[in-house]
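Tertiary structure, described
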Amino acid sequence: MQFVRVIDTISEFSHVLDLARRDGRTIGFVPTMGYLHDGHLSLMRRSRNECDLSAVSIFVNPLQFAPEEDLASYPRDLPRDLQACEAVGVDVVFAPPVEEMYPEPTLTTVSVAELSERMEGAARPTHFAGVATVVAKLFNITGPCRAYFGEKDYQQLVVIRRMVKDLNQPVEVVGCPIVREPDGLAMSSRNVYLSDEERGAAIVIYRALQVGAAAIFAGERDATAVARLMADIIAAEPLAALDYAEVVDADDLRPITSLEPGSRVRLLAAAKVGAPRLLDNLGVEVPA
Ligand code: AMP
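Note that the coordinates shown come from a computational prediction; the quantities given were computed from them, not determined experimentally. (Residues numbered from 1 in each chain as written. Predicted model: local features only at pLDDT ≥ 70, side-chain atom pairs only at ≥ 80, totals over all residues. Heavy atoms only, no water.)

**Structural notes on the site of the ligand**
As a matter of local geometry, the ligand sits amid 17 residues, with His40, Gly150, Asp153, Val179 and Met187 nearest to it. Within the backbone of Gly150, a nitrogen or oxygen atom sits 2.9 Å from an oxygen atom of the ligand. Asp153 places a polar side-chain atom, nitrogen or oxygen, 2.7 Å from an oxygen atom of the ligand. Here the ligand, which alone exposes 490 Å², has 92% of that area covered by the protein. Breaking the shell around the ligand down by element, the ones donating at least two residues are strand 2 (27-32), helix 2 (38-50) and strand 5 (145-150). With three residues, the single largest contributor to the shell around the ligand is helix 2. (Near = heavy atom within 4 Å. Polar contact = N/O pair within 3.5 Å; in protein donor to acceptor, adjacent residues only side chain to side chain. Areas by Shrake-Rupley, 256 points an atom, 1.4 Å probe, with all protein chains shown as cover. Helix = DSSP H or I, 4+ residues; strand = E, 2+ residues; numbered from the N terminus.)

Written out as structure tokens, the structure reads:
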């Protein structure tokens, strides 16, 4: 028995949310690409707790994948996702086909300069324009709401916050903590690609971040040294191919060299472990 309402057209989804707002209900919105895990569900639970109506979108957005990336093989399981949404009390799921979102090639894109250019943006030059464009479309379709994003994709969260601010979108962006497997690996839909051996090796990314954070707490104030420490740990894992390990300002992602007491920084790392590129990050407040 299915109680969650599943909608696949833009007009119906917008209409349902308009009606709810007209009744004075607040809207919580969780954009996803599906293949849901506990990380996604934590955003949905938060929305349920804080808003009157919770809507989830499930859409694997072609615009944010480069031609050589894993769009075709990205894991999908809509029936299982709908059960998960239902179990956490989501009210509406918007699961449009690609033709509904992109009936013709899009000529208009949203790009957030500077914030999109380093780290994930350097590895995937068209990625954030694809993300910002689809999220802008989804926000226009959804209308005023609180939108829940995971810190798992920290650079994405900062990019979306800035887009909302720059474009005066009527959306309150809520960042939510990273949900991890018991051993610390950040949950990700792409973890299903990992072989048993790679799954064991993948934990090196979180371990590197923890060692970086511990160095700061032990008094290290040279951010470059912290970044090098993290990079060395990941590079020492034969199954991991390091992409980057960085220490940046937590608010604007500015690369930093010196860790100022009391400042908020973010340690971020990405590495390929087997086929998938895995990302992780950790927030640190530099001790005064
Ligand atoms: P995705 O389906 O990968 O596009 O992710 C949809 C949303 O879930 C994004 O805001 C992600 O940051 C968030 N998310 C993904 N994995 C996690 C996680 N392990 N913990 C918290 N949020 C997550």
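**A short note on the pairing of strand 3 (residues 53-58)**
Among the six residues that make up strand 3, six are buried, leaving the element largely enclosed by the rest of the structure. The side-chain alternation of strand 3 yields two buried faces, one formed by Leu53, Ala55 and Ser57 and the other by Ser54, Val56 and Ile58. As paired strands, strand 2 and strand 3 are joined by six bridges and run parallel to one another. Within strand 3, the residue paired with Phe29 across the bridge is Ala55. One crossover worth recording links strand 2 to the parallel strand 3 by way of helix 2, and it is right-handed. Strand direction decides the pairing type here: strand 3 and strand 4 (residues 92-94), joined by three bridges, are parallel. Pairing of Ser57 across the sheet is with Phe94, part of strand 4. The parallel pair strand 3 and strand 4, bridged by helix 3 (residues 78-87), forms a crossover whose chirality is right-handed. (Buried < 20%, exposed > 50% of the residue type's maximum accessible area, 1.4 Å probe, protein only. Pairing = 2+ DSSP bridges. Right-handed = clockwise from strand over helix to strand, strands pointing away.)

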